[in-house]
Each structure stands twice: as structure tokens, then as C-alpha cells.
Amino acid sequence: MTFSIVARDPCNGRFAIAVASCHLAVGSTVPHLRSEVGAVASQAHTNPYLGIRGLERLQANAQADAVLESLLKDDPYHDYRQFHLIDSDGRTAAWTGSCCQAWSGHRHQHNLSIAGNCLIGDEVLDAIEHAFVTSDSSWKLGRRLMHALQAGEAAGDDFR
């Protein structure tokens, strides 16, 4: 099980990523963030190079959708991957490959993207999204993301 949330604070343009997983050292492979550029999370059959390349392409002023499309073209194993990203203007894009373990999915909107795999169902993503969107906007972004992850865990997280 892995679920992650990528967000941008529209008030100051800062990015944050939070991830929860049953895998050890997930923080070294899933989150990729560059100030004033964007953020990318690569999970499922994680490929950290997707995060690195994604940030490079975002820095070259590519929009989130264009970066996602280019990453899919470059990766012959994209059907086993899940990744989502946000650009400097808060535009988001997400991918869940058809070979990711059930239940897997994502959702995204301006300034927010959420993805998860090996979950009990979409209610986990619902809980994460609801907790983030309804959290106190005066909280720092990191606190809001942690609050959202806790809601995902409380909703049941891993199907195993």
C-alpha cells in the first residue's frame, strides 16, 4: 500500500509532498520536489528517474500535462507505475497504470493531487481529499498534508 498527496499553497507558491507506505525508506524514492518549479511523486513500481526527469521538464517551463505525457512516452513500463505531479502554476496531472495492484487510482484538481495503490477502495482517496480540502487553511502546508494522510489511514488504507 502506498498513498501520497502533492500540493501547492496558492498563497505563497510553496510545494509539499507526503507519502505513506508499507515499504521501507519510501521517502528516498517517491517524493521529488524543487522550490518554485513543482513536485512529482512516483509510486507503485517506483521509478525515481520519473521524478528527476519530471522536475527537469517542469523547470524547462513545461506544463503538468505535457510533462506527464512525455514521461509516459519515455517509460516502457508505465503500465506498472503510478505518478502524479504539480507545476509552478498549480496545474496537476496524474497517471495510474493498468497493471498497478487493485485498488489503485488517483484524483487531482488545481493545487492538489492524490494517488494510491493496494488500497481497500476509493474511499481512502476520498478521505484524504476531504481532510485536506476542509483543513484549516491557516495551518502550514505540511501539517495539512499530514492531517490528510492520517485521514487516509483511518479510512482503512491497505487492502491486505
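Everything quoted here is computed from the prediction, not taken from an experiment.

Participant: I would appreciate a short explanation of the overall build of the protein chain in the present structure.
Facilitator: Across its full length, the protein chain carries four helices and eight strands. Helices and strands in the protein chain line up, N terminus first, as β-β-β-β-α-α-β-β-β-β-α-α. Relative to the 2.2 N^0.38 estimate, which gives 15 Å for 160 residues, the radius of gyration of the protein chain is 14 Å and therefore close to what a compact globule would have. Within the protein chain, buried positions represent 48% of all 160 residues. Each charge class in the protein chain was averaged separately, 13 positive and 18 negative side chains, and the resulting centres sit 6 Å apart.

Participant: Help me understand the sheet that holds strand β3 (residues 31-34), please; the structure alone is not making it clear to me.
Facilitator: Sheet strands associate in pairs through backbone hydrogen bonding, adopting either a parallel or an antiparallel arrangement. The four strands lie next to each other as β3-β4-β5-β6, forming an open sheet whose pairing is antiparallel. Edge positions in the sheet fall to β3 and β6 (92-96), since each of these pairs with one other strand and no more. Between one strand axis and the next, the sheet turns by 5° as a mean value, whatever way the strands run. Pairing of β3 with strand β4 (residues 38-44) involves four bridges; the strand directions are antiparallel. Across the sheet, residue Leu33 finds its bridge partner in β4, namely Ala39. In this fold helix α1 (residues 48-59) packs onto β3, β4 and β5 (81-87), with an angle of close to 160° to the strand it touches most, β4. Its contacts with the sheet place helix α2 (residues 64-74) against β5 and β6, and it is angled at close to 25° to β6.

Participant: Help me understand unusual backbone geometry in this model?
Facilitator: Generally, phi is negative for residues other than glycine and the peptide bonds are trans, each holding for most cases. In this chain, Ala102 is followed by Trp103 through a cis amide linkage whose omega measures -25°. If you trace the backbone, Trp103 turns up in the loop between β6 and β7 (105-109). Phi angles above zero are rare outside glycine, and Asn61 is one such case at about 70°. Inspection of the secondary structure puts Asn61 in the loop between α1 and α2. Residue Asn61 is classed as exposed on the basis of its relative accessible area, which comes to 71%.

Participant: Would you take a moment to explain the packing of aromatic side chains for this structure?
Facilitator: Two aromatic rings are characterised by how far apart their centres lie and by the angle between their planes. With the rule as written, the count across this model stands at zero aromatic pairs. For the cation-ring pair, Arg143 lies above Trp139, with the distance from its terminal atom to the ring centre recorded as 4.0 Å.

Participant: How should the nonpolar core be read in this particular structure?
Facilitator: Proteins that are soluble and globular tend to have nonpolar side chains buried together. Counting residues in each nonpolar core, the largest one holds 19 residues, and the members touching the most others are Phe3, Ile5, Ile128, Phe132 and Leu145. Contributions of two or more residues to this core are made by β1 (2-8), β2 (15-21), β8 (112-117), α3 (122-134) and α4 (141-154). Top contributing element to this core by residue count: α3, with five residues. In this structure, Leu145 is in contact with Ile5, Ala7, Ala16, Ile17, Ala18 and Phe132, ignoring residues within four places of it in sequence. Listed in part, the 13 residues of the second largest apolar core include Leu55, Ala64, Leu68 and Phe83.

Calculation notes
- Residues numbered from 1 in each chain as written.
- Predicted model: local features only at pLDDT ≥ 70, side-chain atom pairs only at ≥ 80, totals over all residues.
- Heavy atoms only, no water.
- Helix = DSSP H or I, 4+ residues; strand = E, 2+ residues; numbered from the N terminus.
- Rg over C-alpha atoms; globule rule 2.2 N^0.38 Å.
- Buried < 20%, exposed > 50% of the residue type's maximum accessible area, 1.4 Å probe, protein only.
- Lys, Arg positive; Asp, Glu negative; His and termini not counted.
- Charge placed at Lys NZ, Arg CZ, Asp CG, Glu CD.
- Pairing = 2+ DSSP bridges.
- Axes fitted to C-alpha atoms, helices over the stretch in contact; angles between N-to-C directions.
- Contact = heavy atoms within 4.5 Å.
- Phe/Tyr/Trp six-rings, centres within 6.5 Å; stacked < 30°, edge-to-face > 60°.
- Lys NZ or Arg CZ within 6 Å of the ring centre and 35° of its normal.
- Core = buried A, V, L, I, M, F, W, Y, C linked by side-chain atoms within 4.5 Å.

Taken by themselves, the reported measurements are silent on function.
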